[in-house]
Amino acid sequence: MPNTQVWLLTAYNWGLATCITEYQSTKKRLSAITLHKRLVREVKSQNPWYYEVSKCAPQQALRNLERAFKNFFTIPKRGFPKFKKKGKKDSFYLEGSIKILKGNYITLPRIGIVKTYEILPSVSIKNVTISKRANNWYISFKYDYQPIHTAKERDIIGVDVGINALATCSDGTKFANAKAYKQGKKRLTRYQRRVNKKELGSKNRAKAIKKLAKLHKKISDIRADALHKLTTWLAKNHSTIVIEDLNVSGMLKKRSRDGEVSSPYPIDQEIINWQVP
């Protein structure tokens, strides 16, 4: 997987540099297809080890680059595409001969059989996205699922997201804020101080960064878990859910005294849509 990630970074950064040069000389934007043809001709042919990884990763990287340029030109205040760095938001896309084996094994193109921590469903999938968080690799995929309809406790419920609580429902039910940041604030400060004291480029600094990243991930997971428990309860037990429009920027500015915003991100209708109905 590291070779695939290196190939993806190489393709994306090469494509971005090529697009900048081309636009400066001809004022034209190159498509992902054109970039891939030039990539195979100019870069891949000079590096034989590139043939050991799947072609899907660089193709998807160039499609992402094309979308980034499109967003920059069409969406106001959208920033110019930046060069990618190893270790920041690492992920890549694969498609083709992907098969879930019995239990917690999956076969991936060019990579082979990979063992997962959790038991995988016995379903047919066409593509996967593999990402890295806090030195752990995660695999995600989509498949057709027939939801099980559950009996509803009531037809309609309103949800008010506040500062002191994660959510307050119209029936009086309150969901407390997990306060994950408050619980881990001292450790975050201590771990960050350790990182700052280590020499740049040293192995000890890399270990300290890894430990800090794991704590950030833990805080993020606690917040996400609280939100998904809330949205699952709402979707399973209510036919209609009414949610207030949120000023997220305003909520972020008006923090509570412990530095914690009650909702890590707004309770979005999209999140509820893919919960069990």
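Look above for the structure.
Quick look at the structure, then. Once a new chain begins, its residue numbering starts again from 1 and follows that chain's sequence as written. Local features in a predicted model are, by the rule used here, given only for residues with pLDDT of at least 70; side-chain atom pairs are given and counted only at 80 or more, and totals for whole chains, interfaces and linings are based on all residues. The side-chain numbers reported here are obtained from all heavy atoms of the structure, hydrogens and water having been left aside.

With that settled, the discussion passes to the packing of helix 2 (residues 32–42) against helix 3 (residues 56–74). With axes taken as lines fitted to C-alpha atoms, and helix axes fitted only over the stretch in contact, angles between N-to-C directions fall between 0 and 180 degrees. Runs of H or I in DSSP of at least four residues are treated as helices and runs of E of at least two as strands, each being numbered from the N terminus. Put simply, helix 2 and helix 3 touch, their axes get as near as 9 Å, and they point 140° apart. When the interaxial angle is binned, helix 2 and helix 3 end up oblique. Relative to helix 3, helix 2 is oriented so that their crossing is right-handed. Every residue of helix 3 that contacts helix 2 at Ala 32, Leu 35, His 36 and Leu 39 is listed here: Pro 58, Gln 59, Leu 62, Arg 63, Leu 65 and Glu 66. In this classification, Asp, Glu, Lys and Arg are treated as charged, Ala, Val, Leu, Ile, Met, Phe, Trp, Tyr, Cys and Pro as nonpolar, and every other residue, Gly included, as polar. Of the residues contributing to the contact of helix 2 with helix 3, the split by class is six nonpolar, two polar and two charged. These descriptions rest on fixed angle ranges, namely under 35 degrees for roughly parallel, over 145 for roughly antiparallel, 65 to 115 for roughly perpendicular, and the rest for oblique. The handedness criterion is simple: a crossing whose near helix is rotated anticlockwise from the far helix by less than a right angle is left-handed, and one whose near helix is rotated clockwise is right-handed. Residues count as neighbours in contact if any of their non-hydrogen atoms are within 4.5 Å of one another.

Before going further, it helps to spend a moment on the pattern of salt bridges. A side-chain nitrogen of Lys or Arg and a carboxyl oxygen of Asp or Glu constitute a salt bridge if their distance falls within 4 Å. In this structure the tally under the stated criterion is seven salt bridges. Salt-bridge contacts for Lys 217 lead to Asp 221; the nearest nitrogen and oxygen are separated by 2.8 Å. Residue Lys 217 and its partner Asp 221 are located together in helix 5 (residues 203–237), separated by four residues, close to a single helical turn. Judged by its relative accessible area of 17%, Lys 217 is buried. What you see here is one network of salt bridges that share partners, running through Glu 22, Arg 38, Arg 41 and Glu 42. For each residue, the accessible area found with a 1.4 Å probe, counting protein chains only, is set against the maximum for its type, and the residue is called buried under 20%, exposed over 50%, and partly exposed in between.

Here the nonpolar core consists of buried residues drawn from Ala, Val, Leu, Ile, Met, Phe, Trp, Tyr and Cys, with membership extended through side-chain atoms lying within 4.5 Å. Counting 32 residues, the largest nonpolar core has Trp 7, Leu 35, Leu 39, Leu 65, Ile 106, Leu 108 and Val 128 as its most contacted members. For this core, the elements supplying multiple residues, two or more each, are helix 1 (2–26), helix 2, helix 3, strand 1 (91–95), strand 3 (105–108) and strand 5 (127–133). With eight residues, helix 1 is the single largest residue contributor to this core. With eleven residues, the next largest nonpolar core counts Ile 157, Val 159, Val 161 and Ala 226 among its residues.

On to a nonpolar patch on the surface, then. Without a salt bridge and with relative accessible area above 30%, a residue can belong to a patch; like charges are then joined within 9 Å and nonpolar side chains (Val, Leu, Ile, Met, Phe, Trp, Tyr) within 5 Å. Each accessible area value is a Shrake-Rupley result obtained with a 1.4 Å probe; residue values ignore everything except the protein chains displayed when judging cover. On the surface, a nonpolar cluster with roughly 340 Å² of combined accessible area is contributed by Tyr 143, Tyr 145 and Ile 148. Within the fold, Tyr 143 resides in the loop between strand 6 (136–140) and strand 7 (154–160). Exposure remark for Tyr 143: the relative accessible area of 36% places this residue in the partly exposed category.

The next thing to look at is the sheet that holds strand 7. A pair of strands is labelled paired if DSSP reports no fewer than 2 bridges between them. Spatial strand order, 9-8-7-10: four strands in an open sheet with mixed pairing. At either margin of the open sheet sits one strand with a lone partner, and together these are strand 9 (174–175) and strand 10 (238–243). Sheet analysis places strand 7 next to strand 8 (residues 167–169), joined by two bridges and oriented antiparallel. Bridge pairing in strand 8 places Val 159 opposite Cys 169. Helix 5 contacts strand 7, strand 8, strand 9 and strand 10 of the sheet and is inclined by roughly 130° relative to strand 10.

Attention shifts here to a positive patch on the surface. Residues Arg 187, Arg 190, Arg 193, Arg 194, Lys 197, Lys 198, Lys 211 and Lys 218 make up a contiguous surface patch of positive charge. Looking at the positive patch, the elements with two or more residues in it are helix 4 (180–197) and helix 5. At five residues, the largest contribution of residues to the positive patch is made by helix 4. Structurally, Arg 190 is set in helix 4. Since its relative accessible area comes to 34%, Arg 190 is described here as partly exposed. His is not counted here, nor are the chain ends, while Lys and Arg score as positive and Asp and Glu score as negative. Working definition for charges: the position is that of NZ of Lys, CZ of Arg, CG of Asp or CD of Glu.

Moving on, we come to the pairing of strand 3. Judged by which residues are buried, strand 3 turns out to be one-sided: Ile 106 and Leu 108 face inward and are buried, whereas Tyr 105 and Thr 107, on the alternate face, are not. Strand direction decides the pairing type here: strand 2 (residues 99–100) and strand 3, joined by two bridges, are antiparallel. Residue pairing across strands places Lys 99 opposite Thr 107, the latter belonging to strand 3. In sequence, strand 2 turns back onto strand 3 through a hairpin of four residues, with Gly 103 there showing a positive phi of about 90°. Bridging between strand 3 and strand 4 (residues 112–115) involves four bridges; their strand directions are antiparallel. Bridged to Tyr 105 within strand 4 is Lys 115. Counted between consecutive antiparallel strands, the loop separating strand 3 from strand 4 contains three residues, among which Arg 110 sits at a positive phi close to 70°.

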